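Report on the structure
So the chains spell out like this:
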Amino acid sequence: MLNNSFKLSKYRFTLKAIDDISLPAYKGSTFHGGFGHALMQISPIWYRYFYEPQQGWPKPYVILPPLDTQEHYPKGQQFTLEITLIGEATQHYAIMQAAVEYLGLRMGLGYEQGKYKIIGIDRAIATSNNEKSENHSVNSQDIINNRLVMLSHEQITIHFPTRLRLKHQNKLYRKPPEFSLVFERIAGRIKTLINAYGKNDGNDLQRDYKALNVAAQNIITQKQNLHWQEWHRYSGTSKQVMNFGGLTGEITYQGDLSPFLPWLILGEWLHIGGKTSFGLGKYILTNTQEQSNER
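Residues numbered from 1 in each chain as written. Predicted model: local features only at pLDDT ≥ 70, side-chain atom pairs only at ≥ 80, totals over all residues. Heavy atoms only, no water.

1. Notes on the packing of aromatic side chains
Going through the model one piece at a time under the given rule, you end up with 22 aromatic pairs. Each ring, one from tyrosine 51 and one from tyrosine 61, has its centre 5.6 Å from the other, and the planes form 40°; the classification is tilted. Of this pair, tyrosine 51 sits in helix α2 (residues 44–51) while tyrosine 61 sits in strand β3 (residues 61–64), placing them 10 residues apart in sequence. The same class applies to tyrosine 51 as to tyrosine 61, namely buried. Arranged with centres 5.8 Å apart and planes meeting at 70°, the rings of tryptophan 57 and tyrosine 197 form a pair that is edge-to-face. Remark: tyrosine 197 occurs in helix α5 (residues 179–197) and tryptophan 57 occurs in the loop between α2 and β3; sequence separation between them is 140 residues. (Phe/Tyr/Trp six-rings, centres within 6.5 Å; stacked < 30°, edge-to-face > 60°. Helix = DSSP H or I, 4+ residues; strand = E, 2+ residues; numbered from the N terminus. Buried < 20%, exposed > 50% of the residue type's maximum accessible area, 1.4 Å probe, protein only.)

Structure follows, in C-alpha cells:
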C-alpha cells in the first residue's frame with residue numbers, strides 16, 4: 001500500500017510551568033494559536049510553511065495538547081504537548097522545537113501569558129534502526145508493521161479522546177459513522193498528505209482505495225458509545241466565536257478488517273476529520289477483548 005518514502009516523526013514535549021498558567025479546559029486552540037504566533041516571530045516564511053500551505057493542502061503537522069481538563073497549572077507543575085510532523089516537514093523539526101521553546105520562554109500561554117520551559121523531549125520510534133535517522137523520522141511501513149501484530153483483524157474498537165468532526169454532504173455528521181465513512185476519510189487524508197508531502201505518485205494508493213472503499217461497505221458496527229460534545233472558541237483572526245463541536249467516545253467495528261488496518265494504523269498518527277492541527281480527530285485503536293480484560 002505504502003512505500004518507505006513517506007516519513008513521520010512524533011515528539012512528546014514535557015513542559016514545566018515557570019509561572020502560574022491559566023488555560024481553557026480544552027487546550028488545542030491555545031497551543032495552535034501560540035505555535036503559529038511563535039513561528040511568525042521566528043520567521044514569517046516558516047509560519048507560511050506550517051500554517052498556510054500551498055494549493056490548499058492540509059497542514060503538515062498535528063498537535064495533541066494535554067488532554068486533561070485542568071484549567072490552572074501552578075508554578076512548577078509539569079504537562080505535555082505532542083506534535084507530529086508529516087512527510088517533508090520531518091526535516092524541519094529544529095524549527096518546530098524552536099517555536100515550542102520560544103512560545104514558552106518568550107511569549108507565554110493563556111490568559112496571563114504564563115511561561116514554561118522544556119524539560120524533556122521523547123520521540124516515537126517504530127524500530128531500532130530509526131535511532132540513526134538524522135531527522136528523527138520513521139517510515140510509514142515500520143509504523144504499520146510494529147502496530148499490526150497488536151491488533152485483531154476481525155473486530156476493533158476506535159476510541160476518540162478528542163472531538164471527531166466528519167462532514168458528509170457538506171454537513172457535520174452527528175451520528176455514529178459507518179465504517180465506510182470512517183475509512184473513506186482516513187484514506188482520503190493519507191492520500192492527500194502523501195501527494196502533498198511525500199514522494200509517492202499515488203497511483204497504487206488510488207487503485208487500493210477504490211477497491212477497499214467498496215469492501216468497507218461489508219464492515220458492520222458491532223456497538224458504539226459516541227456522543228456529541230460542543231466546543232466554542234474565539235478566533236482572534238476572524239474576531240468571532242467559532243463552533244468546533246464533534247463526537248467523542250468509542251465505536252466497535254466487525255468484519256474482515258485485515259486490508260484496512262494499515263490505513264487505520266497510520267490514522268492514529270495523523271488524526272481524522274476537521275481541525276486536526278488543533279488536536280481534534282485523535283483516535284486510538286484497541287482490541288475489544290483487551291478492553292474488557294482491563295475493565
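There is more to say after this.
2. Digging into the side chain of lysine 27
With respect to the secondary-structure elements, lysine 27 resides in the loop between β2 (21–22) and α1 (28–42). Residue lysine 27 is classed as buried on the basis of its relative accessible area of 0%. Here lysine 27 is in contact with Pro65, Pro66, Asp68, Thr69, Gln70 and Tyr73, once residues within four sequence places are set aside. (Contact = heavy atoms within 4.5 Å.)

3. Observations concerning the environment of phenylalanine 244
Mapped onto the fold, phenylalanine 244 is located in the loop between β13 (240–243) and β14 (246–254). The exposure class assigned to phenylalanine 244 is buried, which follows from its relative accessible area of 4%. Each C-alpha atom, one on phenylalanine 244 and one on glutamine 229, is 9.0 Å from the other, the two residues being 15 residues apart in sequence. Not counting residues up to four positions away in its chain, the partners in contact with phenylalanine 244 are Arg163, Arg165, Trp231, Arg233, Lys275, Phe278 and Leu280.

4. Regarding the pattern of salt bridges
Under the criterion given, the structure shown has 6 salt bridges. A salt bridge links glutamate 82 to lysine 10, with the nearest nitrogen and oxygen atoms 4.0 Å apart. Of this pair, glutamate 82 sits in strand β5 (residues 78–86) while lysine 10 is found in strand β1 (residues 7–17), placing the two residues 72 residues apart along the sequence. According to the relative accessible area criterion, lysine 10 is buried, its value standing at 14%. Arginine 12 is the partner of glutamate 82 in a salt bridge, and the nearest nitrogen-oxygen pair spans 3.8 Å. Remark: arginine 12 occurs in strand β1 and glutamate 82 occurs in strand β5; sequence separation between them is 70 residues. (Salt bridge = Lys/Arg side-chain N within 4 Å of Asp/Glu carboxyl O.)

5. Observations concerning the nonpolar core
Among the nonpolar cores identified, the biggest contains 45 residues, and Phe179 and Phe183 are the most heavily contacted of them. Only α4 (140–148), β8 (155–164), α5, α6 (203–215), β14 and α7 (261–270) provide two or more residues apiece to this core. With 11 residues, the single largest contributor to this core is α5. With residues up to four places along the chain from it excluded, the contact list for phenylalanine 183 reads Tyr209, Leu212, Asn213, Ala216, Phe260 and Trp263. Phe31, Phe35, Leu39 and Met96 belong to the second-largest nonpolar core, a separate cluster that totals 29 residues. (Core = buried A, V, L, I, M, F, W, Y, C linked by side-chain atoms within 4.5 Å.)

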